[in-house]
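# Survey of secondary and tertiary structure
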Amino acid sequence: MEDSSTKDEGAAVDAELAKAIMARQFSPSLIGTEAWEGYKFSDMEIRIKESTDLYGAVLWPSAMVLCHFLETNRDKYNLMDKNVIELGAGTGLVTIVSSLLGARVTSTDLPDVLGNLRYNVMRNTKDRCRYIPVVTELIWGQQEVEQRFPRATHSFDYILAADVVYSHPYLDELMDTFDYLCQENTQILWAMRFRLDPENSFVDRFRQRFHMEQLYDLPSLSIKLYRAWRKDRRTKDQGEAAA
């Protein structure tokens, strides 16, 4: 059982890390004709335009958590020259930071979000990045992802996702998308905010297909960050055959 001193230490670490992450955001000193929110990553000022009438075009704190992790853990998770895909890219912050860190990024989301996503990505990466990020439509589900990203020509070192799991009706399709894109040497870095039971249920089902390691636990933000990689299918299939 945890004693009070251990709990206090954990709460202090959580508060310090959460404060450092949220300090990445700043507001413009002058309000111009266009509203934007500012973020600082990779020694760059990033300006993000949100669209409040679209759920996917609003920046949620999970994206900041993932970006902070990527920047502060470059020794272990070096994105330089890596092939990266972001699912549910939303306003594009994770795509932008990954591109600034040297990755070849494919940024994906639903059609109605792409206009704002493309605007933010191009605005913040032009002449700043080693590779020009690709912004493209992706509707989750195995059939769609197979057509858009055939394994014969596409493989990814990292799958990035921030706040893609919430109470929406496409969790099965999201699971299939993770499963298809995550090949033998792919790592998933996934930040999620826990709100309702669907998040917990999804994590339980996710563990059946993937190994998981918790990298961050931030109770003050209700956010956890996971690293995941696929379980060995051959071992599972051999075990079922033996049974």
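### Comments concerning the pattern of salt bridges
A side chain with one charge can pair with a side chain of the opposite charge if their charged atoms come near. Under the definition given, this model contains nine salt bridges. Between Asp81 and Arg130 there is a salt bridge; the shortest N-O distance is 2.7 Å. Within this pair, whereas Asp81 is found in the loop between helix H2 (61–72) and strand S4 (83–87), its partner Arg130 is found in the loop between helix H4 (111–125) and strand S6 (134–137), the two being separated by 49 residues in sequence. Classification of Asp81 by relative accessible area gives partly exposed; the value is 30%. When its relative accessible area of 53% is taken as the criterion, Arg130 is described as exposed. A salt bridge links Asp176 to Arg209, with the nearest nitrogen and oxygen atoms 3.5 Å apart. Remark: Arg209 occurs in helix H7 (residues 197–209) and Asp176 occurs in helix H6 (residues 171–181); sequence separation between them is 33 residues. Exposure remark for Arg209: the relative accessible area of 31% places this residue in the partly exposed category.

### Quick word on the packing of helix H3 (residues 93–100) against H4
The angle between the axes and the distance between the axes are what describe a pair of packed helices. Packing of H3 against H4 brings their axes to within 9 Å, and their N-to-C directions diverge by 25 degrees. The angle between H3 and H4 falls in the class roughly parallel. For the element pair H3 and H4, the recorded crossing hand is right-handed. Contact residues: H3 offers Thr95, Ile96, Ser99 and Leu100, while H4 offers Asn120, Val121, Asn124 and Thr125. For the contact of H3 with H4, the residue count by class is three nonpolar, five polar and no charged.

### Some remarks on unusual backbone geometry
Although it is not a glycine, Ser42 adopts a positive phi angle of roughly 55 degrees. Tracing the chain through its elements places Ser42 in the loop between strand S2 (37–41) and strand S3 (44–48). Owing to a relative accessible area of 16%, Ser42 belongs among the buried residues under this scheme. For Asp127, which is not a glycine, the phi torsion comes out positive at approximately 60 degrees. Tracing the backbone through its elements, the reader meets Asp127 in the loop between H4 and S6. Residue classification places Asp127 among the exposed positions, given a relative accessible area of 76%.

### Structural notes on H6
Counting buried positions along H6 yields eight of 11 residues, so the element is predominantly enclosed. When H6 is considered as a whole, its buried residues turn out to be Leu171, Leu174, Met175, Thr177, Phe178, Asp179, Tyr180 and Leu181.

### Notes on the sheet that holds strand S1 (residues 25–26)
Taking strand neighbours across the sheet as the criterion, the three strands line up as S1-S2-S3 in an open arrangement whose pairing is antiparallel. Both edges of this open sheet fall to S1 and S3, since each of them pairs with a single strand only. Where S1 lies against S2, two bridges are found, and the strand directions are antiparallel. Counterpart to Phe26 in the pairing with S2 is Gly38. Running at roughly 155 degrees to S3, H3 makes contact with S2 and S3 of the sheet.

### Structural notes on the nonpolar core
Within the largest apolar cluster, 41 residues are counted, with the highest numbers of intra-cluster contacts made by Tyr39, Ile46, Leu66, Leu93, Leu160 and Leu189. Broken down by element, the residue count for this core peaks at seven residues, all from H2. In this view, Leu93 contacts Tyr39, Phe41, Ile46, Ile48, Leu59, Ala63, Met64 and Cys67; residues no more than four positions away in its chain are not counted. Counting 28 residues, the second largest nonpolar core, distinct from the first, contains Val164, Phe178, Ile188 and Ala228.

Basis of the calculations
- Residues numbered from 1 in each chain as written.
- Predicted model: local features only at pLDDT ≥ 70, side-chain atom pairs only at ≥ 80, totals over all residues.
- Heavy atoms only, no water.
- Salt bridge = Lys/Arg side-chain N within 4 Å of Asp/Glu carboxyl O.
- Helix = DSSP H or I, 4+ residues; strand = E, 2+ residues; numbered from the N terminus.
- Buried < 20%, exposed > 50% of the residue type's maximum accessible area, 1.4 Å probe, protein only.
- Axes fitted to C-alpha atoms, helices over the stretch in contact; angles between N-to-C directions.
- Parallel < 35°, antiparallel > 145°, perpendicular 65-115°, else oblique.
- Left-handed = near helix turned anticlockwise from the far one by under 90°.
- Contact = heavy atoms within 4.5 Å.
- Nonpolar A, V, L, I, M, F, W, Y, C, P; charged D, E, K, R; others polar.
- Pairing = 2+ DSSP bridges.
- Core = buried A, V, L, I, M, F, W, Y, C linked by side-chain atoms within 4.5 Å.

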